[in-house]
Amino acid sequence: MRQSVELNLDGLVGATHHYAGLSFGNEASTRHRQQVANPRLAARQGLAKMKALADAGFAQGVLPPQERPHLGYLRLLGFSGTEAQILSQVAARHPQLLSAISSASAMWVANAATVSPSTDSADGKVHFTPANLHNKFHRAIEADTTAGVLRAIFRDKRFFQHHAALPQSAMFGDEGAANHNRLGDYDGPGVQMFVYGTSGFDNATGPERYPARQTLEASEAVARLHQLSPSRCLMVRQNPKVID
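Everything quoted here is computed from the prediction, not taken from an experiment.

Draft legend 1. Quick look at the layout of surface pockets. Approximately 1,300 Å³ is the volume attributed to the largest pocket. Every residue lining the largest pocket is counted, 35 residues in all, and those nearest its centre are Val-5, Glu-6, Leu-7, Val-115 and Tyr-186. It is strand 3 (residues 113–116) that contributes the most residues to the lining of the largest pocket, four residues altogether. Space inside the second largest pocket adds up to approximately 970 Å³. If you go around the second largest pocket, you meet 43 residues; those closest to its centre are Ser-23, Asn-26, Ser-29, Met-107 and Trp-108. Looking at the lining of the second largest pocket, the elements with two or more residues in it are strand 1 (7–11), helix 1 (27–31), helix 2 (39–55) and helix 6 (137–140). The residue makeup of the lining of the second largest pocket, split by class, is 19 nonpolar, 20 polar and four charged.

Listed below in structure tokens is the structure:
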């Protein structure tokens, strides 16, 4: 008999957590820009929240912080030398880039991936698609590591199917579970709701003030990859005025 388990995953705050105001459109992020951060306390608070859920009987997991600063991306951007030399160059000439490349934003697991349970997919497997997070550079650099972490945790190919992140293109901007939900229990097929802000083929339909990070094309692609029945998928468009 199939046994269904709903697992809650949280991200552990990384040592380079800081308030940088990197996410235009996130008013809380902008409002707290350059305030003093306490990564150690933030990590402890996160762990306390996880323990509270575990103590309450929830299946609870933790995703590790990603390596930051992301030296690999700095090398891709033409910086060279030892790690210390590269960081000194970037700090002196491009402090905003150093902030982005050091962001601990992977702690926000709602943006990590879209996950579909086995009861919904045609092949009877749990499907994972890491979000490309195309709209923000400091988040887009997470996708490859997130994919690797998920493959390491959910590694039995009999039960889990992993997909690559969608192409890094505005046409397929994907924010993961932050724009996805599922209605129904796990004893049978549910209804998966994908929420998008704009269409890559029709940018005129989007908001005017803040970016719409999820596209219809990305949501449709994830639904196809996860082998979901079109009759049990809802593609719901956000009101552009509400986004603004």
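That shown, we press on.
Draft legend 2. Summary view of unusual backbone geometry. Residue Pro-69 follows Arg-68 across a cis peptide bond; omega there is 0 degrees. Examined against the element boundaries, Pro-69 turns out to sit in the loop between strand 2 (59–63) and helix 3 (71–76). Residues other than glycine seldom take positive phi values, yet Leu-133 does so here, at roughly 50 degrees. Assignment of secondary structure puts Leu-133 in the loop between strand 4 (126–130) and helix 6. Using a relative accessible area of 2% as the deciding quantity, one classes Leu-133 as buried. At Gln-227, a position not held by glycine, the phi torsion is positive, near 55 degrees. One can find Gln-227 in the loop between helix 8 (216–225) and strand 8 (233–237). The exposure class assigned to Gln-227 is partly exposed, which follows from its relative accessible area of 33%.

Draft legend 3. Just the side chain of Ser-219, in detail. Among the structural elements, Ser-219 can be located in helix 8. With relative accessibility at 1%, the residue Ser-219 sits in the buried group. Beyond its immediate chain neighbours, meaning those up to four positions away, Ser-219 contacts Phe-194, Val-195, Tyr-196, Gln-214 and Met-235.

Draft legend 4. Layout of the pairing of strand 4. Among the five residues of strand 4, five are classified as buried, and the element is accordingly described as predominantly covered. Across the two faces of strand 4 the burial is the same, with Val-126, Phe-128 and Pro-130 and His-127 and Thr-129 all buried. Relative to strand 4, strand 3 runs antiparallel, the two sharing four bridges. Directly across from Ala-113, in strand 4, lies its bridge partner Pro-130.

Draft legend 5. A look at empty space enclosed by the protein. Tallying each qualifying case throughout the model produces one cavity of 30 Å³ or more. By volume, the largest cavity amounts to about 40 Å³. For the largest cavity, the full set of lining residues is Asp-120, Pro-189, Gly-190, Gln-192, Leu-228, Ser-229, Arg-232 and Cys-233. Residue classes in the lining of the largest cavity are distributed as three nonpolar, three polar and two charged.

Draft legend 6. Structural context of the pattern of salt bridges. For the structure shown, the criterion picks out five salt bridges. Residue Arg-182 is joined to Asp-120 by a salt bridge in which the shortest nitrogen-to-oxygen separation is 2.7 Å. One end of the pair, Arg-182, is in strand 6 (residues 180–183); the other, Asp-120, is in the loop between strand 3 and strand 4, with 62 residues separating them in the sequence. A relative accessible area of 13% places Arg-182 in the buried class. By relative accessible area, Asp-120 is classed as buried at 11%.

Calculation notes
Residues numbered from 1 in each chain as written. Predicted model: local features only at pLDDT ≥ 70, side-chain atom pairs only at ≥ 80, totals over all residues. Heavy atoms only, no water. 1 Å grid on protein atoms, 1.4 Å probe; cavity = no way out; pocket = protein on both sides within 12 Å on 5 of 7 lines; lining within 4 Å. Points joined across faces, edges and corners; volume = space filled by probe spheres on them. Helix = DSSP H or I, 4+ residues; strand = E, 2+ residues; numbered from the N terminus. Nonpolar A, V, L, I, M, F, W, Y, C, P; charged D, E, K, R; others polar. Buried < 20%, exposed > 50% of the residue type's maximum accessible area, 1.4 Å probe, protein only. Contact = heavy atoms within 4.5 Å. Pairing = 2+ DSSP bridges. Salt bridge = Lys/Arg side-chain N within 4 Å of Asp/Glu carboxyl O.

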